[in-house]
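Notes for the structure review
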Amino acid sequence: MSLLAADGIAAADAVVDVPVMDDIAVFSGKFVLAVDRAWALVHDFVQTRAPGELGEWCEL
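All of the points below concern the structure found in this document. (Residues numbered from 1 in each chain as written. Predicted model: local features only at pLDDT ≥ 70, side-chain atom pairs only at ≥ 80, totals over all residues. Heavy atoms only, no water.)

Observations regarding a nonpolar patch on the surface
Our working rule: Patch members must show over 30% relative accessible area and no salt bridge, and they are joined within 9 Å when carrying like charges or within 5 Å when they are nonpolar side chains of Val, Leu, Ile, Met, Phe, Trp or Tyr. Areas reported as accessible are Shrake-Rupley estimates using a 1.4 Å probe. Residue values count occlusion only from the protein chains shown. Throughout this description, the term salt bridge denotes a Lys or Arg side-chain nitrogen within 4 Å of a carboxyl oxygen of Asp or Glu. Runs of E in the DSSP output that reach at least two residues are strands. Runs of H or I that reach at least four are helices, and both are numbered from the N terminus. When accessible area is computed with a 1.4 Å probe and restricted to protein chains, residues below 20% of their type maximum are described as buried, those above 50% as exposed, and intermediate ones as partly exposed.
Residues Val35, Trp39, Val42, Phe45 and Val46 make up a contiguous nonpolar surface patch of roughly 520 Å² in combined accessible area. Tracing the sequence through the fold places Val42 in helix α1 (residues 35-48). Relative accessible area serves as the criterion here: at 43%, Val42 is assigned to the partly exposed category.

Re the pairing of strand β3 (residues 23-28)
We apply this condition: Strand pairing is defined by DSSP finding a minimum of two bridges between the two strands.
Pairing between strand β2 (residues 15-20) and β3: six bridges, direction antiparallel. Opposite Val20, over in β3, you have Asp23 as the bridge partner.

Examining the pairing of β2
Among the six residues that make up β2, zero are buried, leaving the element largely open to the surroundings. Between the end of β2 and the start of β3, which pair antiparallel, lie two residues, with Met21 showing a positive phi angle near 55°.

Considering the environment of Val16
Counted only if it meets this: Residues count as neighbours in contact if any of their non-hydrogen atoms are within 4.5 Å of one another.
Positionally, Val16 belongs in strand β2. Separated by 37 residues in the primary sequence, Val16 and Glu53 have C-alpha atoms spaced 25 Å apart. For Val16, the residues in contact, after removing those within four places along its chain, are Ala10, Ala25, Val26, Phe27 and Val32.

As structure tokens, this is what we get:
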């Protein structure tokens, strides 16, 4: 599994609660994106199916 690196909207050491399905997931600021940027990336991925062009991916 990989996560897309953050866009700087939150400090790297910040802890952010993100709603996922019916639960809350906790992410560090290293993986937090601004909502508009995240939606744009999802749209681009659906259109291109090219994850490498979306930014830096971090393997877990």
